[in-house]
Amino acid sequence: MHRDNDRYKLFTRRTALLAGGKLLLLSAIAGRMYYLQVVEAQRYKTLADENRINMRLLPPPRGRILDRFGLPMAVNQQNYRVILISEQAKDIPGVLDNLGQIIRLSDADKRRILRETRRKRSFVPVTVRENLTWEEVAAVEVNTPDLPGITIDVGESRFYPYPGESAHALGYVSIPNEDELTGDPLLELPGFRIGKAGVEKVHDVVLRGVGGTSQVEVNAFGRVIRELSRQDGQAGADVRLTIDLGLQRFTAQRLGEESASAVVLDIANGDVLAMTSTPSFDSNAFNKGLSGREWRALTTNPRSPLINKSIAGQYAPGSTFKVCVALAALEKGVVTPQQRFVCPGHLELGNMRFHCWKKEGHGWMDMEAGIAHSCDVYFYEVARRVGIERIAAMARRLGLGSATGLDLPGEQNGLVPDREWKHAALKSPWQQGETLITGIGQGYLLTTPLQLALMTARIANGNLAIVPRLTRGIATLRGEQPRRGTVVEPLNIAPAHLALIRRGMTIVCNEPFGTGFRSRITEAGYEMAGKTGTVQVRRISKAERETGVKKNEDLPWEQRDHALFIGFAPHRAPRYACAVVVEHGGSGSKMAAPIARDVLLAAQKRGSGGEDRAGPVAETPPDSAGGSRPEGRS
Amino acid sequence: MMRFRRYETHLTMAQKLWQVSWGLVMLLALTASIGFAMLYSAANGNWDPWASKQIVRFAFGTAVMLVVAVVDLRVWMRWAYLIYGVGLVLLVIVDVWGSIGMGAQRWINLGFMQLQPSEVMKIALVMALARYFHGASLEEVGRITFLIPPVAMVLVAAALVLKQPDLGTAMMLMLCGGAMFFLAGVRVWKFIVVIAAGIAAIPVGWHFLHDYQKARIETFLEPESDPLGAGYHILQSKIALGSGGLFGKGFMQGSQSHLSFLPEKQTDFIFTMLAEEMGMLGGLVLVGLYTLIIAHGYGIALRSRSHFGRLLAMGITTTFSLYVFINVSMVMGLVPVVGVPLPLISYGGTAMLTLLFGFGLVLNVYVHRDLLIGRRGADDF
């Protein structure tokens, strides 16, 4: 019992000690709880919110691009893609390996993804693959528990319903480069694309819209539980062009496989109704991404599919320039319309001989005949009398020699030479022989098809120095804001002179001796007026002249002459002006004129320049009298 | 002089039941009910998969507890070493062959439930040590040779548990064993020596730790160093707990818990979820309940007239309080993460059963509080 008493006392003491220890621990716990839940409560509340709240950027739908009648030329399509958010995936190579067993992922893909995850901020998603098929989407969705950080995203991607016909005007969209990142967070979103060429680039900011933000609650796996708040952005504005899609498609199909360009302008206001350049490319392919092989095929093709020949192709205008020379002569008063010159087939100047295209010569020519027959000697004579300075001045007044200012990137200036230019550029004085060659549209002269169409339109208009424009208006929810171009100035050329030139051009196409007669429009009320042009691209040696100038068909393609034609219709009350350039087409009258005929007829029949809906968008061009049926483009 | 009355050796079962400290039983039930509510919330408003099973287990465990309470205390004393032996065998079995769950061999799959031998050992060790020291006089307790067998009992058990590997439970076993030694009257200087030796052995012991265990300790010392890896649990626990504030976010409104930021919310971190939803107030209420349970245990121990009873009651109570303290400190970042459940509240079958078995023993001690037991377990002394 004593034993037990002692034991009991000791036990009691020790129990009391333990109890004291417990109380100490208890206060430590209570104290810690107080610290965490009262003192630091705010900080932890904030951290808790940071855990569960994510800000998401909502990309707005890109504005569409429409033709003048509202038909869609560039729209948005749904696009499923796999994205990876690196802060939610702890072991990125492992996740990619798992994913690679479900959808095909090459090693190059994996390397790219790893590069991008290192470069971007950890909460910004990285695109793994776009344009998934439905089966792939389902397979990935089923396996998401094993793929932390991987989600399926539905986005919109750009789609061009008529890629071939509209590619050069519209351009394309693609992912921004490093140097194109302006700091706008929208640009860093996966798959976000900006315009890189054409209208897509010029109006990229309005097409892009403004991003919205959404505050979402997420769980630890990044899964969105619910949306807490949302701030809607602004959808991209639609851009309405002046182009008539039906006419554009017709023109592109009519040009076929040639390396060519055609531009149709509305004479009244300068609207670009059609602007085609062939061969073209598939702008939808740029969205998906081109392989190295496809890219090389495009860049090494001798017919230059990537270049918009309408504004960037610079050609000597050839005989089409003669209308400008004649106008210059009339305005200066050095030649009267009735004045006649004889064409024996050539002209001597000093010790040089300048040839006419007709070896035998044309005989006596007045102005109307000179234009109708396109006699070179007549125009050598006229040019000699007018002088290069006046010719250059008239050319500029008609819109040549400088970029027209069209709202499209990449426009070239062309070249109108004069003494000052030659002195500055070539450091040598002007030779009179060069005036002669300029008189027939060769030499240093360079024009783009758009400039040629503009020249024709100004001649046909007669009043104003119209300026071409491509954008008709930008449509937001508030309504369409029209785009007014630059202020249009008067042309300041005597109407009588212009009428004379127009008459000459009418004869070219509608009198049997005109160079364009074979390609005339026969339907009453739709007749066109115009001027053919054939441009030498090689030097013809004296020896060859002796033996006989080789025909175009006997030459390789790159050495054949360019074929050009400018025209307007209907000739009595002109509405539409057109310029066609077929590279190495051989003969302006044989190659370019028939195309212009079909195009101008289509434009008139469709009422392309109107406000109301035009005629139906034809798949193949209508049959026109005397015309060759073109190949259908795929 | 202590007054005592002769113990009526044959109380009937019914009379014994009457003797049970129903106050303690009520406290246990109340605490467990808080657990049920938390499991209901953890399952986002569902009784399945946790709350319903836990209720069944608690009911079953309560029945076991009452049965244990009315069996004669001397029976338990007689079986103490046997039960300890069984516990060792089970540990060996699970080390050699066991179903692998959660990355460690800790369970034996019995089909209808998972049996965790380390939980069994918690109780068995206390029983065995209580028996051993019951028969010891103070002089014997002072002799080191006398202490070798119980030390061996503790170390063997702890080593087997450590091999699983289960660092947390092994340390708990050693701590409880140490508490039993302390209560039995071992001199304080021996404890100081052991603790000093333990500190000196830390560099050696560090070498033997598994990587993840080392990581846990490192993360404990500096949780912000690896917020997405090893320190994630503690950081999330503190965020969830702290953001609860004084009054909590409301029942079932714990955003961190329900959005899966808080891991293991139905087991190790269930206290965090309670503190997030019920605030500091709720946390203190629960801690208060635990304190009352512990106080009851202390009272029962002091009231008992047999040394076995006192040691047994204190041993169980101390084990219980250690688990409470370690778990709560762990979720608040005061001690490294060791995977120790919160008694009566964390979801878990074996833990609940063994705990209620243990409280059955405590109630037993109270029922037999006037029983005097001799050195050999007989009625004589």
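Residues numbered from 1 in each chain as written. Chains lettered and ligands numbered in written order. Predicted model: local features only at pLDDT ≥ 70, side-chain atom pairs only at ≥ 80, totals over all residues. Heavy atoms only, no water.

Asker: How should the interface of chain A and chain B be read in this particular structure?
Answerer: Accessible area lost upon the coming together of the parts serves often as the stated size of an interface. Of the residues lining the interface, 42 residues belong to chain A; the matching set on chain B comes to 59 residues. Together chain A and chain B conceal approximately 4,300 Å² of surface at their shared face, both sides included; 72% is due to carbon and sulfur atoms. The largest contributions to the chain A side of the interface with chain B come from R7, F11 and R14 of chain A, which together make up 18% of the buried area. For the pair chain A and chain B, the number of links is 8 residue pairs in polar contact (both at pLDDT 80 or more). Those elements giving two or more residues to the side of chain A that touches chain B turn out to be α1 (2-39), α2 (41-52) and β8 (212-218) of chain A. Examining the composition of the side of chain A that touches chain B, we find that 26 residues originate from one element, α1 of chain A, more than from any other. Of the residues contributing to the side of chain A that touches chain B, the split by class is 24 nonpolar, 6 polar and 12 charged. (Contact = heavy atoms within 4.5 Å. Buried area = accessible area lost by both parts, 1.4 Å probe. Polar contact = N/O pair within 3.5 Å; in protein donor to acceptor, adjacent residues only side chain to side chain. Helix = DSSP H or I, 4+ residues; strand = E, 2+ residues; numbered from the N terminus. Nonpolar A, V, L, I, M, F, W, Y, C, P; charged D, E, K, R; others polar.)

Asker: What exactly am I supposed to notice about the packing of aromatic side chains here?
Answerer: Remark: the centre distance and the inter-plane angle together describe each pair of aromatic rings, the angle taken between the planes. Under the defined criterion, the tally for this structure stands at 21 aromatic pairs over all chains. Measuring from ring centre to ring centre gives 5.1 Å for F320 of chain B and F359 of chain B, while their planes differ by 80 degrees; the resulting arrangement is edge-to-face. Residue F320 of chain B is located in helix α15 (residues 307-331), and its partner F359 of chain B is located in helix α16 (residues 349-367); the two are separated by 39 residues in the primary sequence. You'll find F320 of chain B and F359 of chain B in the same group, each marked buried. The rings of Y172, F281, F286 and W295 of chain A are connected pair by pair, giving a single aromatic cluster. Just above the ring of Y323 of chain B sits the side chain of K122 of chain B; from NZ or CZ to the centre is 4.1 Å. Note that R369 of chain B overlies the ring of Y366 of chain B, its terminal NZ or CZ placed 4.1 Å from the centroid. (Phe/Tyr/Trp six-rings, centres within 6.5 Å; stacked < 30°, edge-to-face > 60°. Buried < 20%, exposed > 50% of the residue type's maximum accessible area, 1.4 Å probe, protein only. Lys NZ or Arg CZ within 6 Å of the ring centre and 35° of its normal.)

Asker: Whenever I open this one, the packing of helix α14 (residues 270-303) of chain B against α15 of chain B confuses me. Can you help?
Answerer: Angle between the axes and distance between the axes are the two parameters that describe a pair of packed helices. Residues and elements named next belong to chain B. In the contact formed by α14 and α15, the axes pass within 9 Å of each other and the chain directions differ by 165 degrees. Considering the angle they form, α14 stands roughly antiparallel to α15. Two packed elements cross with a definite hand, and for α14 against α15 that hand is left-handed. Contacts between α14 and α15 involve F271, T272, Y290, I293, I294, G297, Y298, I300 and A301 from the first element and R310, A313, M314, T317, F320, S321, V324, N327, V328 and V331 from the second. The residue inventory of the contact of α14 with α15, partitioned by class, reads 13 nonpolar, 5 polar and 1 charged. (Axes fitted to C-alpha atoms, helices over the stretch in contact; angles between N-to-C directions. Parallel < 35°, antiparallel > 145°, perpendicular 65-115°, else oblique. Left-handed = near helix turned anticlockwise from the far one by under 90°.)

Asker: So what exactly am I meant to see when it comes to the sheet that holds strand β9 (residues 224-231) of chain A here?
Answerer: Within a sheet, adjacent strands bond to each other through the backbone by hydrogen bonds, running parallel or antiparallel. Residues and elements named next belong to chain A. Here we have 3 strands laid out as an open sheet, ordered β1-β8-β9, and antiparallel in their pairing. What marks the edges here is a single partner per strand, and that holds for β1 (53-58) and β9. Geometrically, the sheet is characterised by an average inter-axis angle of 30 degrees between neighbouring strands, direction not taken into account. The pairing of β8 with β9 spans 6 bridges and is antiparallel. Bridge assignment links S214 to a residue of β9, and that residue is R230. (Pairing = 2+ DSSP bridges.)

Asker: Honestly, unusual backbone geometry in this entry has me stumped. Any pointers?
Answerer: Trans is the common state for peptide bonds, and a negative phi is the common state for residues other than glycine. All names here are of chain A. Look at the link from T278 to P279: it is a cis peptide, with omega at -10 degrees. Counting through the fold element by element, P279 comes out in the loop between β12 (272-278) and α10 (283-288). Note the cis peptide between A569 and P570, where omega equals -15 degrees. Structurally, P570 can be placed in the loop between β22 (562-569) and β23 (576-582). A positive phi angle, close to 50 degrees, is found at S304, a residue other than glycine. Residue class for S304 comes out partly exposed when judged on its relative accessible area of 26%.

Asker: Whenever I open this one, the pattern of salt bridges confuses me. Can you help?
Answerer: For side chains bearing opposite charge, pairing can occur when the charged atoms are close. Residue and element names in this part refer to chain A. Counted according to the given criterion, the structure contains 31 salt bridges over all chains. Across the salt bridge formed by K322 and D376, the nearest N and O atoms sit 2.7 Å from each other. Placement of K322 in helix α13 (residues 322-332) and of D376 in helix α15 (residues 376-386) is noted, with a sequence separation of 54 residues between them. A relative accessible area of 0% means that K322 is categorised as buried. A salt bridge links R396 to D418; its shortest N-O distance comes to 3.2 Å. Of the two residues, R396 is situated in helix α16 (residues 388-397) and D418 in the loop between α16 and α17 (419-426); the sequence distance between them amounts to 22 residues. For D418, a relative accessible area of 9% translates into the label buried. Among the charged side chains, a salt-bridge network with shared partners connects R62, R158, E200, D204 and R208. (Salt bridge = Lys/Arg side-chain N within 4 Å of Asp/Glu carboxyl O.)

Asker: Explain the sheet that holds strand β21 (residues 529-535) of chain A here, please?
Answerer: Residue and element names in this part refer to chain A. Pairing in this open sheet of 5 strands is antiparallel, and the strands run β12-β11-β23-β22-β21 from one edge to the other. Each having just a single partner strand, β12 and β21 make up the two edges of the open sheet. For this sheet the average axis-to-axis angle between neighbouring strands, irrespective of direction, equals 5 degrees. Bridge count for β21 against β22 is 7 bridges, and the pairing is antiparallel.

None of this, on its own, says anything about what the molecule does.
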